[in-house]
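Survey of secondary and tertiary structure
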Amino acid sequence: MAAAESEAEAQQLISRLGKQLKASKTCPNKDSLVKLLKEAVIALGKFKQLKSLNSVIQPLSDSLVKHGMLQHKDKDIRILVATCFCEIIRVLAPDPGFSDDVFRDIFKLLQSIFAETGDYKSPYFSRRVKLLETVAKLNFCVLMLDVGCEDLILKMFKIFFSAVREQHPQSVINAMSSIMARILEDKLEEKDLEPLIFQEKFSEPLLDVILQNLLKESKGGSGGFARLAVSVIQNCNEKLERCICTFLRSCILNRESIGSELKEWYHDILYEIFQSAPQMLVSVIPSLSHELLTDQVDVRIKALNLLRKCFSLPGHKIAEEYHNLFMDFLNRFTDKSAEVRLCALSCGKALYANNPSGTGSSQILTELESRLLDFDDRVRMQAVSIVCDVSRLQIGSVTNELISQVADRLRDKKVSVRKKALQKLLELYQDYCTKCVGDIKMHFEQIPCKILMLCYDKDCKEFRPQSLEYVLAEDLFPVSLSVEERTNHWIFLSSLFTPLHVKALNAILSQKRRLRNALQAYLHLRVNEEEIGSDEMERNTKALFKKMSALFPDPAEAEECFYELNQINDDDIFKMLADLINVGDALSTRDNLLRKIGDQSPLFEFLRLLSSKCLLNIFSSRHVSYILDHLTFDTSVRHTKLDYSPLLLLSAIISAFPSLLRSSEEKFRQLLADKDIPFNEQLIQFLAKEGSNISIRLSDCYNFLERVRLEGTQAEAKLAVSAIAALSDSSEQVIVPNLCKTSCTIKKHSEQCLKSSLTTDANKSANLNLTLSKSADASRIWIEGLQKTSHQEVHSAGTVEVGNESSVDNQHEIHASVISESIMGKERVGSSCDSVATKPALGLNEDFPSCLQERDMNMTYNSNTDKVAKLSTANHKKANLAKENKDKGEASDVEHQQMRASTHYR
């Protein structure tokens, strides 16, 4: 009852408003008109759809048309008028009784209001959106098809795409797409899948408008038009889907038959639709096989680029759902065109990266492996890059053999391929170190080993030891990796080293040491410049610059920079350079130096490289400490190959930089006292050469060296004696008794050998002779070492700082230089900063009993040596006599036995 009364009141109000407007000869003012229209909107909203209300509503609608309300300029009035006509059409549907001209004016008014929805900050925005939703809900825009307003439909489509914004709520997108989809559906029912061109005078169909806006986002446009186009496609019915698929298949199979300009962009259209509605393209995707097999290279490339983008989409199942297409794609890895093979590699990367464990992933890896040996270097570079990239996605997903084959590209015949392989393998190894902390994988650890072998590559300066030094220091490990983890990697790496790897590492370390020593000598020259003559200063400086510049990737450029640096008068810069070598916190010193010089200075890059070469950034004292901990306390790896390799690494490090042992000497002493430690020639050689420069007493390692002297090879025994001589001083009396004991042993061995020469036990005689020879050589070297040490002690004065690599003997410097320059194929440049260091001097008469014992020992040694020589001469004469008797046939059995015994003895 209340609803009926309300509707009756509304009818009375509409009738009164209609009469009031009809009676007015002119249009009322804005305020009166706005008030009248608001009342009319409210009253019309209460009406139900009823054709009999036409007589009540017609006076109002006629008055609105009469006073030109459909063309009114005021925004408030236009929105109210449009709302009134929407309500009138709703109530009087399906035939509101308007003429075609009135309908056109109504639709024009609606379009002008919809065009203003782009201003989403306007106070009228919410009212415009409500009107848009009302029109979409009523679906009366289809009346535009009945009254011949096709031009207005096309215009409205364009207005929607121009007005839509990214900031619009989804309700606006839904309302617009609903209107367009409904119009397209009705039009398709009328035309039965004919092209959507309504009249010949209109050159652009509705479908083109939608697809063009679908492309705008892929072309870098901004706005919500792509959202709207996707929404229309997703909401379309089966008939519209068939129409789009027919267009796309025609573009693939017979593009020349299509008159639309969109045929040039059909790949992009296909990709955009595949993102939003992949089920729509079930009948289109298989047609791409036609393009993969065509003779035109550019068409094959475009098809592969499309597949690459489709493969990149998450959740795609092209390899599973389109098996034939996938097989045709795999065949493009062996295409005759290198450009096509490059595109196929990119597609394979996209497919594998999207789903490493999906269907076809193993086949992709197989094809990538085959392209590592492609005859085109561009393809090999791309294959190397892609294999490393996909390996980084999931460490361990790629086979060990494939990683090894990528590392083999470091020996590629093309320098460009080797450079790319080095870059990508370093990135891969850094990711491996970060993601696999504590989990050592051998096939990844092969990477640094093969990088070290680049030292022997003379074709490219980037691979020489001068450049690889920077690689090992800055690029091999991630910055965040701790020193302990880095050391663990180095320890495992050393187990894979061959003599060539050790030689390359020694070359790199020796170059760093030589540069540090040469720079230190140059800085010393600058400090003492006043005491040195100008000619000598210039000559020494030139020699040092030449020596240091040879240790840079570009020696000529480096030498020029050294001369420019020499012209700088800022003493702070040279003080910082000295601190780089001598101060413990060298990293902060380097930062201060580079900040001082400024990044705008022409010497900035040179000083950055020079400071990097001066830093102990490949190995530090913490590395040495961790290695010693591993050797001394880690019993889990005893009696394995890893037990030997850290010794090799430790020897290489401390031989180049003895100062790194300074804080770990106690651990080093514990290591030498370990009876299970294997003999290491380089470690013993280090003790022999650096024994006078480290704070280790002979008593700390005497048992180890004595065991080497007695049980090792002849070469190891000689080195052990030299090491004992280098470490000994007059305060340790253990040397002489043992040396005398050795002399007695020699005498006994001589007598045994003399007796055994007359017996038939030739093998025993030979073994005794070998022992005699080794003991004699060792003792001789021992004595010579003691004499040399004594001579140095007499002439030395003062105390040398422990572990200072600038005070190491010149022989080691030359040896390291030869190693480095044999790799580079260059001769060593002489150094004016080489030095010899000795221990504190001792008085001549401080240890007189030891001198007497040494004299007796020398006499014993000479006596034994004479006996051996006489015995050898006698045996030689016996052999000659036996030979003559044999020729005459007069040799006796006893003489033959004596001859065989003496021959074995020799």
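Since the model is a prediction, treat every value here as computed from it, not as a measurement.

Each helix and strand counted, the chain has 42 helices and zero strands in total. In the chain, which comprises 906 residues, the proportion classed as buried is 51%. Of the accessible surface of the chain, which amounts to about 42,400 Å², a share of 50% is contributed by carbon and sulfur atoms.

Moving on: the packing of aromatic side chains. Inspection of the entire model under this criterion finds 20 aromatic pairs. Ring centres of Phe-329 and Phe-333 lie 5.5 Å apart, and the angle between their planes is 65 degrees; on these two criteria the pair is classed as edge-to-face. Considering the side-chain rings of Tyr-522 and Phe-545, the 5.1 Å spacing of their centres and the 55 degrees angle between planes classify their relative orientation as tilted. Linking Tyr-522 in helix α26 (residues 499–527) with Phe-545 in helix α27 (residues 534–549), this pair joins segments that are 23 residues apart in sequence. With respect to burial, Tyr-522 and Phe-545 carry one shared label: buried.

Before going further, it helps to spend a moment on the nonpolar core. Counting residues in each nonpolar core, the largest one holds 224 residues, and the members touching the most others are Phe-107, Leu-110, Leu-248, Phe-329, Trp-490, Phe-668 and Leu-705. Ranked by residues supplied to this core, first place goes to helix α4 (residues 75–92) with 12 residues. In this view, Phe-329 contacts Leu-292, Leu-304, Leu-307, Phe-311, Ala-344, Cys-347, Gly-348 and Ile-364; residues no more than four positions away in its chain are not counted.

Looking at the element boundaries, Gln-405 is found in helix α21 (residues 400–408). Taking the C-alpha atoms as reference, Gln-405 lies 9.3 Å from Leu-373; in sequence the two are 32 residues apart. Leave out the neighbours within four places in its chain, and Gln-405 touches Glu-369 and Leu-372.

Another point: the pattern of salt bridges. With the rule as written, the count across this model stands at 38 salt bridges. With a closest N to O distance of 3.1 Å, Asp-335 and Arg-300 form a salt bridge. Here Asp-335 is found in the loop between α17 (323–330) and α18 (338–354), whereas its partner Arg-300 is found in helix α15 (residues 297–312), with 35 residues between them in sequence.

On to helix α34 (residues 665–673), then. Listed in full, the buried residues belonging to α34 are Glu-665, Phe-668, Arg-669, Leu-671 and Leu-672. Looking down the long axis of α34, one finds its buried residues gathered within 160 degrees of arc, a one-sided arrangement.

All right, on to α18 then. Spanning 17 residues, α18 covers 25 Å between terminal C-alpha atoms, matching the ideal 24 Å at 1.5 Å per step. Buried residues dominate α18, accounting for 12 of its 17 residues. Here the buried face of α18 lies against α15, α17, α19 (361–371) and α20 (377–393).

Moving on, we get to the confidence of the model for the chain. Confidence in the prediction for the chain averages 77 pLDDT; 75% of positions are at 70 or higher. Under a pLDDT of 50 for its full length, residues 192–203 has, in the predicted model, 16 contacts with residues more than four places off or in other chains. Considering only residues more than four positions removed or in separate chains, one finds that residues 637–642, a stretch of pLDDT under 50, has 12 contacts.

Now for unusual backbone geometry. In this structure, Pro-94 follows Ala-93 across a cis peptide bond, with omega equal to 10 degrees. Tracing the sequence through the fold places Pro-94 in the loop between α4 and α5 (100–115). With a phi close to 55 degrees, Asn-139 is a non-glycine residue in the positive phi region. One can find Asn-139 in the loop between α6 (125–138) and α7 (143–146).

With that out of the way, let us pick up the side chain of Ser-510. When you line up the elements, Ser-510 lands in helix α26. A distance of 2.9 Å separates a polar atom in the side chain of Ser-510 from the backbone oxygen of Ala-507.

We now examine the packing of α18 against α20. Across the interface, α18 lies against α20 with an axial gap of 10 Å and an inter-helix angle of 0 degrees. In terms of their interaxial angle, α18 and α20 are classed as roughly parallel. When α18 is examined against α20, the residues Ala-338, Glu-339, Arg-341, Leu-342, Leu-345, Ser-346, Lys-349, Tyr-352 and Ala-353 are found in contact with a partner set consisting of Arg-378, Val-379, Gln-382, Ala-383, Ile-386, Asp-389, Val-390 and Leu-393.

This next bit is on the environment of Asp-335. Residue Asp-335 is classed as buried on the basis of its relative accessible area of 4%. Along the chain, Asp-335 and Val-297 lie 38 residues apart, while their C-alpha atoms are 9.8 Å from each other. Look past the residues within four positions of Asp-335 in its chain and what remains in contact with it is Arg-300, Val-340 and Arg-341.

A few words now on the packing of α26 against helix α31 (residues 604–614). Where α26 contacts α31, the axes come no closer than 8 Å and their chain directions differ by 110 degrees. Regarding the angle of α26 to α31, the classification is roughly perpendicular. For the pair α26 and α31, the contacting residues are Lys-512, Leu-515, Arg-516 and Leu-519 in the first and Leu-610, Ser-612, Lys-613 and Cys-614 in the second. Per-class residue counts for the contact of α26 with α31 are four nonpolar, one polar and three charged.

Rules and cut-offs
- Residues numbered from 1 in each chain as written.
- Predicted model: local features only at pLDDT ≥ 70, side-chain atom pairs only at ≥ 80, totals over all residues.
- Heavy atoms only, no water.
- Helix = DSSP H or I, 4+ residues; strand = E, 2+ residues; numbered from the N terminus.
- Buried < 20%, exposed > 50% of the residue type's maximum accessible area, 1.4 Å probe, protein only.
- Areas by Shrake-Rupley, 256 points an atom, 1.4 Å probe, with all protein chains shown as cover.
- Phe/Tyr/Trp six-rings, centres within 6.5 Å; stacked < 30°, edge-to-face > 60°.
- Core = buried A, V, L, I, M, F, W, Y, C linked by side-chain atoms within 4.5 Å.
- Contact = heavy atoms within 4.5 Å.
- Salt bridge = Lys/Arg side-chain N within 4 Å of Asp/Glu carboxyl O.
- Arc of directions from axis to C-beta.
- Expected span 1.5 Å × (residues − 1).
- pLDDT = per-residue confidence, 0-100.
- Polar contact = N/O pair within 3.5 Å; in protein donor to acceptor, adjacent residues only side chain to side chain.
- Axes fitted to C-alpha atoms, helices over the stretch in contact; angles between N-to-C directions.
- Parallel < 35°, antiparallel > 145°, perpendicular 65-115°, else oblique.
- Nonpolar A, V, L, I, M, F, W, Y, C, P; charged D, E, K, R; others polar.

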